[in-house]
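The residues making up each chain are set out below.
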Amino acid sequence: MTGPERVGPERVGPVEGQEPLPFPESTAGLPPVAGAPVLELRGVTVRYGSVPALDRVSLRLVPGTVTCLLGENGAGKSTVVQVVSGVRRHDEGELLVDGRAVRFRRPRQARARGIATIWQDLAVIPLMTVWRNFWLGDEPTRGIWPFRRIDLAVAREGAARALARVGLPDLNVNQPAAALQPGQRHSLAVARAMHFGAKVLVVDEPAAPLTVAQHALVLRTVVSARDAGLGVLFVTSTPGYAHLVGDRFVLLAGGRVAADLTREDVDVDGLTRLISGGEALATLTAELRRSS
Amino acid sequence: MSTAQRPVFGVPVRRAPSRGRRLLTRPSTPAFVGVLVALVVFGAQAPQLVGTGGLASLLDAAALIGIGAVAVTLLLVAGQFDVSIGVLSVASSVTAGLLVSEAGWGVWPALAASLVGALAVGVVNGLLVVLTGLPSFLVTLATFLVLQGGTLVVAQSVAGTSLVDRVEGAAGWPSAEALFGSGVALGGGRFRISILWWLAAVVLAGWLLRRTRFGNAIYALGGSRRAAREMGVPTASTTVALYLLTATAAWLLGTLALVRQGGVPVAPEFGDEIEYLVVAVIGGCLLGGGYGSAVGAAAGALLYGTVRTGIDIAGWESYSFQVVLGVLLVVALLANGVARRRLTAVPRS
Ligand SMILES: Nc1ncnc2c1ncn2[C@@H]1O[C@H](COP(=O)(O)OP(=O)(O)OP(=O)(O)O)[C@@H](O)[C@H]1O
Ligand SMILES: [Mg+2]
């Protein structure tokens, strides 16, 4: 049994019996202005050569809610993640953060605005130590150039403290990440995202099959971030888990938004059918096209 | 839910490896062991090797190869290679030499000009690697050919010789000689200033690798390019900066040779860069990138110097050095493979 057996119409609250992961309260301001998105994609198109990987995709992330991004392999989910986290620039359309159009040139700019990502491959480098992995791309430094150097004490302590918060209090941060168990590696990616994510959390669920425990960690992360008032983009291929935490479900097919549904529109079975059955999806897509 | 399904993030953490064990897994350890073995083996055959005279020539050989090896180590850790270092060092010394002997420049302006030229080659290498996305081996092979041919053509047409000399005695020569060609006599040996340059290069590279964001970027680039990009590590500027550093090392090697001999033969040949690569690998670098250290490169160079001088003093056939170096390379490759497997093995418990 890998999926939840019965899922009611209510989305899950804070997971019982477990401390929520301590995401910092969102800097977007709580309580959020109802419906005002912290991040929005408007007609975003991304091309690889002349082939569009994303075709006029629109999507809004509202503080304190979870938007699930679903779709088959190659649908363009990770491309959305790349655009939102500043790894790839969009060719057309607009990317808005707090209502203002931005164009990230590098991931640091996205991170500086409080957008953090848990990548599909976790972005953990096996041969580097845990603390170096934690700060990758944004190491704390001291001194002035050319003598600027990594502040080792701050970096090691900061990483250890952040890891303690996700349930790894005694982890030796000086060992290579290769020495971590898969679950610990996952926790490292989560801790890093929690540290840098003040407004938006993007989770691209690993492609490799996850254990129940890893799924639990992913869901716990998503729920904790939501409850801290972050806007969450949850990319997953498992509709059961998506429906467990999602407020909104955006279905991608061939780089286009095939459906944009709320909890009221669809139950878990419907969602499963939509994703697994290409037929149902095609029908729905056609219907949506006709009505718009 | 059975206990087996409890979240893994709660599991007790394994004991941290002891200090001794960590020392054993350092990239530089096998090379240091090799140095000891070589000192014992050759010391028994040729006791002069461990006297001041032997030590001076040992360190001299180690210094020249070590400067190149430490630059190659930085590249290898980032998953890159540069075939053009050796030729670039000849080209920059020929450039400086010709500017002094043919154009009548002072030594310092000539050295500055050749440094600018070397840096320009470094920028071209770096940009080509970044922009084409091709393997750096191929890209720098092109640079190698251009530099090799270009150096010969220019030297022939400008000076009409295959030896650049008459550098000695030009304006600024005494200070240049003090900085790049001097040495101190100690006992029966003359310890050259190139040893200090080598130490400076090792210390600088070690500091960059372990203590700066640039160093983290180098490890990340070689460890996983995808992860580096996702985390916002500046991959392009790091790569270009690395080729600039390599070019600077090449210029330094060329300058040390030029000033030491008061001239250079115009013989840009293939081979030096392969020795740098071999020494870097002996020093513990993984060819796949992401692993290696400046101290390792220094240990590798020390081993190189010991074996080379030892064979010399012991009176072995000089080609046997290549045999020994080849054997050392194989041993290093095997040892590094074992280290790699142990490092990347995911713990099962
Ligand atoms: N670097 C690239 N160059 C060319 N095409 C690419 C590149 N990266 C992705 N694509 C294409 O873009 C499309 C979308 O890819 P993307 O990785 O976003 O899909 P995905 O929905 O994340 O798939 P998965 O479920 O397998 O992770 C695919 O058709 C893919 O082949
Ligand atoms: Mg993907």
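Going by the structure above, here's the rest.
Below is a short write-up of the structure. (Residues numbered from 1 in each chain as written. Chains lettered and ligands numbered in written order. Predicted model: local features only at pLDDT ≥ 70, side-chain atom pairs only at ≥ 80, totals over all residues. Heavy atoms only, no water.)

Right, let's get into the coordination of the magnesium ion (ligand 2). All names here are of chain A. Here the magnesium ion (ligand 2) is held by the protein donor atoms S78 (OG) and Q120 (OE1), which lie 1.9 to 2.5 Å from it. Linking S78 in helix α1 (residues 77-84) with Q120 in the loop between β6 (115-118) and α3 (130-135), this pair joins segments that are 42 residues apart in sequence. Judged by its relative accessible area of 25%, Q120 is partly exposed. (Donors = N, O, S within 2.8 Å, 3.2 Å for Na, K, Ca; no water. Helix = DSSP H or I, 4+ residues; strand = E, 2+ residues; numbered from the N terminus. Buried < 20%, exposed > 50% of the residue type's maximum accessible area, 1.4 Å probe, protein only.)

As a further point, take the nonpolar core. In this structure, A:L39, A:L41, A:V80, A:I115 and B:W198 are the most contacted members of the largest nonpolar core, which totals 129 residues. With 14 residues, the top contributor of residues to this core is helix α3 (residues 52-77) of chain B. Once you skip the residues sitting within four places of it in the chain, A:L41 turns out to touch A:V57, A:S58, A:L59, A:V80, A:V84, A:E94 and A:L95. Counting residues in each nonpolar core, the second largest holds 57 residues, with A:V66, A:L219, A:V223 and A:V245 among its members. (Core = buried A, V, L, I, M, F, W, Y, C linked by side-chain atoms within 4.5 Å. Contact = heavy atoms within 4.5 Å.)

Our next topic: the sheet that holds strand β3 (residues 66-71) of chain A. Residue and element names in this part refer to chain A. The strand order across the open sheet formed by six strands is β6-β9-β10-β3-β11-β12, and the pairing between neighbours is mixed. The open sheet has two free edges, formed respectively by β6 and β12 (256-262), since each of these has just one partner strand. Averaged over neighbouring strand pairs, the angle between their axes works out to 15° when direction is ignored. Here β3 pairs with strand β10 (residues 231-235) via four bridges, running parallel. By the bridge assignment, L69 is partnered in β10 with V235. Packed onto the sheet, helix α5 (residues 182-196) meets β6 and β9 (200-204) and runs at close to 175° relative to β6. Along the sheet face, helix α6 (residues 212-227) touches β3, β6, β9 and β10 and points at about 160° away from the line of β10. (Pairing = 2+ DSSP bridges. Axes fitted to C-alpha atoms, helices over the stretch in contact; angles between N-to-C directions.)

Moving on, we come to the interface of chain A and chain B. Each partner contributes to the interface: chain A provides 48 residues, whereas chain B provides 41 residues. Across the interface of chain A and chain B, roughly 3600 Å² is buried in total on both sides, 61% from carbon and sulfur atoms. Counting the contacts that link chain A with chain B gives two salt bridges. Taken together, the links from chain A to chain B amount to eight residue pairs in polar contact (both at pLDDT 80 or more). Counting only elements with at least two residues in the side of chain A that touches chain B, the list comes to α2 (107-112), β7 (141-142), β8 (149-150), α5 and α6 of chain A. Examining the composition of the side of chain A that touches chain B, we find that six residues originate from one element, α5(A), more than from any other. The residue inventory of the side of chain A that touches chain B, partitioned by class, reads 24 nonpolar, eleven polar and 13 charged. (Buried area = accessible area lost by both parts, 1.4 Å probe. Salt bridge = Lys/Arg side-chain N within 4 Å of Asp/Glu carboxyl O. Polar contact = N/O pair within 3.5 Å; in protein donor to acceptor, adjacent residues only side chain to side chain. Nonpolar A, V, L, I, M, F, W, Y, C, P; charged D, E, K, R; others polar.)

Residues and elements named next belong to chain A. Around ligand 1, the neighbouring residues are Y48, A53, E72, N73, G74, A75, G76, K77, S78, T79 and Q120. Within the side chain of Y48, an N or O atom sits 3.3 Å from a nitrogen atom of ligand 1. At 3.0 Å from an oxygen atom of ligand 1 is found a main-chain nitrogen or oxygen belonging to G76. Examining the composition of the shell around ligand 1, we find that three residues originate from one element, α1, more than from any other. Considering only residue class, the shell around ligand 1 consists of three nonpolar, six polar and two charged. (Near = heavy atom within 4 Å.)

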